[in-house]
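Each chain, letter by letter, is given below.
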Amino acid sequence: MADYHALMALAFMSLHAVAADELPKELNFLCEGKMNAVLDASKSQTRNSDFRINLRLRDGVIVDAQTGLVEGAECVQESGEIKCNVTKLYPQANSVIKRFSTVVINRNTRELTLWLESWDYQGNDASGTPTAHLRVLRTGICRDNALF
């Protein structure tokens, strides 16, 4: 009988661990930290500054609450970290921007890593040699507001 109780306790702890690592349906984050950016174009530029961003996680997608840009999709939570990434094309008047970003938020330490990379292409598709390449790394701390 003791073996049965030990087995049931182990099964319950396993279920609790899985449930505890489930992705929340909705969370709002206020994140602040340092940003480093490099633009490779006809004239290369670098920029280092502080940043502040409001991110909204809803139904597995993280969006910049001010701009509406999707910063991450297909979000999962594993080992206490929310992890998301997305690649999107943004057509412009005479060009296309291909944008890749990945977001990692550690739920325990509140650390944020947001990596963004974009390529500008002339014409109406993302092919050929890009005319510009932007890389941005944001690292910082987030506060969240659980909205269950």
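The structure contained in this document is the topic of the report that follows. The structure displayed is predicted, hence computed values, not measured ones.

Conventions used here
- Residues numbered from 1 in each chain as written.
- Predicted model: local features only at pLDDT ≥ 70, side-chain atom pairs only at ≥ 80, totals over all residues.
- Heavy atoms only, no water.
- Helix = DSSP H or I, 4+ residues; strand = E, 2+ residues; numbered from the N terminus.
- Buried < 20%, exposed > 50% of the residue type's maximum accessible area, 1.4 Å probe, protein only.
- Phe/Tyr/Trp six-rings, centres within 6.5 Å; stacked < 30°, edge-to-face > 60°.
- Lys NZ or Arg CZ within 6 Å of the ring centre and 35° of its normal.
- Disulfide = S-S within 2.5 Å.
- Pairing = 2+ DSSP bridges.
- Core = buried A, V, L, I, M, F, W, Y, C linked by side-chain atoms within 4.5 Å.

## Details of unusual backbone geometry
What you tend to see is this: most non-glycine residues have negative phi, and most peptide bonds are trans.
Part 1 of the reasoning: Residue aspartate 59 is not a glycine yet carries a positive backbone phi of 50°.
Part 2 of the reasoning: You can see aspartate 59 is positioned in the loop between strand 2 (45-58) and strand 3 (61-64).
Part 3 of the reasoning: We note that serine 79 has phi near 55°; this positive angle belongs to a residue other than glycine.
Part 4 of the reasoning: Relative to the helices and strands, serine 79 resides in the loop between strand 4 (70-78) and strand 5 (81-91).
Part 5 of the reasoning: Here serine 79 falls in the exposed class, since its relative accessible area comes to 68%.

## What about the packing of aromatic side chains?
Part 1 of the reasoning: For the coordinates displayed, the defined rule picks out zero aromatic pairs.
Part 2 of the reasoning: Here the guanidinium or amino end of lysine 98 rests over the ring plane of tryptophan 119, the centre of that ring lying 5.8 Å away.
Part 3 of the reasoning: The aromatic ring of phenylalanine 51 is capped on one face by arginine 138, whose charged end is 5.5 Å from the ring centroid.

## Looking at the state of the cysteines
By definition, a disulfide is the covalent link that joins the sulfur atoms of two cysteine residues.
Part 1 of the reasoning: All chains considered together, the criterion is met by two disulfides.
Part 2 of the reasoning: There is a disulfide in this structure between cysteine 31 and cysteine 142, and the S-S distance comes to 2.0 Å. An S-S torsion of about 105° defines the bridge between cysteine 31 and cysteine 142 as right-handed. In this pair, cysteine 31 is assigned in strand 1 (residues 26-40) and cysteine 142 in strand 8 (residues 132-146), connecting sequence segments 111 residues apart. The burial state of cysteine 31 is the same as that of cysteine 142; both residues are buried.

## Looking at the pairing of strand 6 (residues 95-106)
Part 1 of the reasoning: Relative to strand 6, strand 5 runs antiparallel, the two sharing 11 bridges. Paired with cysteine 84 across the bridge in strand 6 is valine 103.
Part 2 of the reasoning: Remark: three residues form the turn of the hairpin made by strand 5 and strand 6, two consecutive strands paired antiparallel.
Part 3 of the reasoning: The pairing of strand 6 with strand 7 (residues 111-122) spans 11 bridges and is antiparallel. The partner of threonine 102 across the bridge, within strand 7, is tryptophan 115.
Part 4 of the reasoning: Hairpin connection, strand 6 to strand 7: the antiparallel pair is bridged by four residues, and arginine 110 has positive phi, about 70°.

## Re the nonpolar core
Part 1 of the reasoning: Membership of the largest hydrophobic core comes to 20 residues, with the highest contact counts inside it found for Phe29, Cys31, Ile62, Ile82, Ile105 and Leu112.
Part 2 of the reasoning: Elements that contribute at least two residues to this core include exactly strand 1, strand 2, strand 5, strand 6, strand 7 and strand 8.
Part 3 of the reasoning: Looking at this core element by element, the count peaks at five residues for strand 1.

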